[in-house]
Amino acid sequence: MIQPAQEYAKQAAGALAQGFLTEVGKIQGTTNKLIQQMSYINQMAVKDREIFVDTLAQQEKSSQEIIQEIQQISQAIQDNYQSVNHNFTEHTEQISEGLQKAATALDSRIAALENCAVQVARIVEFQHSLERSLQTLEKTAQLEQVLGEVRTNLALLKPVLENLHKPRRITLVESE
């Protein structure tokens, strides 16, 4: 009679410990996945920031080139007004071509700015994703606290299980 109770107590303790280890393993796996996802999101955010900074640098360089082109065109216009001659039509065509190039360059810069706006939106999206991941990690921390309490309860159960494991003397008394 004592033997089945001991075996049952051992099996129950083993099952409880195995279940606890399985849950801890799941939590560790989830935590590792979250850390990997956060690392990936962080890398993507850094990459997008670098692309954004490079785009801004290109934009600044292009803007300087456009300013120089506009200054050159402006200077050409001033020169043209100062020296009116029979090549007036030829100069006007050159200026028109320069303005056309400047307009084309401005169109490409506008497209680049729109691309920058899309990248900024992606960065904001990654930031929100990172915030959600941090909230998930906070929930995981709460789960770890609960697991700590489970560990404490298991530690409190151990003396009781050891006490149940001790041999007992059972005396049978007949009653009339």
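Described below are features of the structure shown in this document. (Residues numbered from 1 in each chain as written. Predicted model: local features only at pLDDT ≥ 70, side-chain atom pairs only at ≥ 80, totals over all residues. Heavy atoms only, no water.)

## A short note on the overall build of the protein chain
- Counting its regular elements, the protein chain contains two helices and zero strands.
- Counting only C-alpha atoms and orienting by the principal axes, one finds that the protein chain spans roughly 140 × 20 × 20 Å.
- Classification of the 176 residues of the protein chain by burial places 18% in the buried group.
- Within the protein chain, residue pairs in contact and separated by at least 24 positions form 90% of the contacts whose partners lie at least 6 positions apart.
- Of the roughly 14000 Å² of accessible surface on the protein chain, 57% is carried by carbon and sulfur atoms.
- Here the protein chain contributes 16 positive and 22 negative side-chain charges, whose respective centroids are spaced 17 Å apart. (Helix = DSSP H or I, 4+ residues; strand = E, 2+ residues; numbered from the N terminus. Buried < 20%, exposed > 50% of the residue type's maximum accessible area, 1.4 Å probe, protein only. Contact = heavy atoms within 4.5 Å. Areas by Shrake-Rupley, 256 points an atom, 1.4 Å probe, with all protein chains shown as cover. Lys, Arg positive; Asp, Glu negative; His and termini not counted. Charge placed at Lys NZ, Arg CZ, Asp CG, Glu CD.)

## Overview of the side chain of Gln 59
- On the secondary structure map, Gln 59 appears in helix H1 (residues 2–82).
- Apart from residues lying up to four places away in sequence, Gln 59 is in contact with Arg 109, Ala 112 and Leu 113.

## Focus on the environment of Glu 7
- Mapping Glu 7 onto the fold places it in helix H1.
- Residues Glu 7 and His 165, spaced 158 residues apart in sequence, show a C-alpha to C-alpha distance of 8.8 Å.

## Some remarks on the environment of Ile 35
- Along the chain, Ile 35 turns up in helix H1.
- Owing to a relative accessible area of 47%, Ile 35 belongs among the partly exposed residues under this scheme.

## A word on the pattern of salt bridges
- Enumeration over the complete set of coordinates arrives at two salt bridges.
- Of the charged contacts in the structure, one is a salt bridge between Glu 23 and Lys 26, with a shortest N-O distance of 3.6 Å. One end of the pair is Glu 23 and the other is Lys 26, both in helix H1 and three residues apart, which spans about a single turn.
- With a closest N to O distance of 3.8 Å, Asp 48 and Arg 122 form a salt bridge. (Salt bridge = Lys/Arg side-chain N within 4 Å of Asp/Glu carboxyl O.)

## Overview of the environment of Ala 17
- Note that Ala 17 resides in helix H1.
- When the C-alpha atoms of Ala 17 and Arg 151 are compared, they prove to be 9.8 Å apart, with 134 residues separating the residues in sequence.

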